[in-house]
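Here is how the chains run, residue by residue.
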Amino acid sequence: MRLANLDDVMTLAAKYPGRCATCGYPFAVGAPIDWDRTTRASRHAACVPEFAARATQQAQTVAASRATGADVEIPAPEGLAYLPLQRAGIVFCLDRFGKGGDASPSRGGAALIADEMG
Ligand SMILES: [Zn+2]
């Protein structure tokens, strides 16, 4: 692991829009950033660990929302069964919006399950 030489890091106003190397969130032109002249990485000057944790959580939620299957049994009317993609959507909604979920309807959460026509 390379330790940063503080002389290599400059705090300045961003000349171009970019993404923070720590949290992954964008920064706009003029935003205060720490620029490492050795690695050429830019970071929010006031980036906090919570930004990175939130970005990781959002990436995990997006990945989970794109699941194409779930290995669970979901009750269905006799003679019918859910497709793997449908089971994945149900599991995602139960995890996210069901009782105790972090985005339950009482907290303003909602979901739209859709598929291409045909
Ligand atoms: Zn950041």
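Up top is the structure.
For clarity, every value in this text was computed on a predicted model and none was experimentally measured.

Caption draft 1: Molecular detail of the overall build of the chain. Secondary structure summary: the chain contains 2 helices and 5 strands in total. Going from N to C terminus, the chain has its helices and strands arranged as β-β-β-β-β-α-α. The buried share among the 118 residues of the chain stands at 8%. Contacts in the chain between residues at least 24 apart in sequence constitute 28% of all its contacts with a sequence separation of at least 6.

Caption draft 2: Here's a closer look at the sheet that holds strand 4 (residues 32-36). Strand order in the open sheet formed by 3 strands is 1-4-5, with antiparallel pairing between adjacent strands. Across the chains shown, the open sheet's two edge strands, defined by having one partner strand only, are strand 1 (9-13) and strand 5 (42-44). Sheet twist, expressed as the mean angle between neighbouring strand axes with direction ignored, is 30°. Relative to strand 5, strand 4 runs antiparallel, the two sharing 3 bridges. Bridge pairing in strand 5 places isoleucine 33 opposite histidine 44.

Caption draft 3: Region of the structure containing helix 1 (residues 49-65). The terminal C-alpha atoms of helix 1, which comprises 17 residues, lie 24 Å apart, in line with the 24 Å expected from a rise of 1.5 Å per residue. Of all 17 residues that make up helix 1, 0 are buried, and the element is exposed over most of its length.

Caption draft 4: Focus on the pairing of strand 1. Within strand 1, only 0 of the 5 residues are buried, leaving the element largely exposed. Pairing analysis gives 5 bridges linking strand 1 to strand 4, with the strands arranged antiparallel. Each bridged residue has a counterpart across the sheet, and for leucine 12 the counterpart in strand 4 is isoleucine 33.

Caption draft 5: Structural detail: helix 2 (residues 84-97). Taking 1.5 Å of rise per residue, the 14 residues of helix 2 would be expected to cover 20 Å, and the 20 Å separating its terminal C-alpha atoms lies within 8% of that figure. Of the positions making up helix 2, those classed as buried are Arg87, Ala88 and Gly89.

Caption draft 6: The environment of valine 29, seen in detail. Note on placement: valine 29 falls in the loop between strand 3 (26-27) and strand 4. Separated by 16 residues in sequence, valine 29 and alanine 13 place their C-alpha atoms 7.3 Å apart. Those residues in contact with valine 29 that lie beyond four places of it in its chain are Ala14, Lys15, Tyr16 and Pro17.

Calculation criteria
Residues numbered from 1 in each chain as written. Predicted model: local features only at pLDDT ≥ 70, side-chain atom pairs only at ≥ 80, totals over all residues. Helix = DSSP H or I, 4+ residues; strand = E, 2+ residues; numbered from the N terminus. Buried ≥ 20, exposed ≤ 12 C-beta atoms within 10 Å, placed from the backbone. Contact = placed C-beta atoms within 7 Å. Pairing = 2+ DSSP bridges. Axes fitted to C-alpha atoms, helices over the stretch in contact; angles between N-to-C directions. Expected span 1.5 Å × (residues − 1).

These figures come from the coordinates and say nothing about function on their own.
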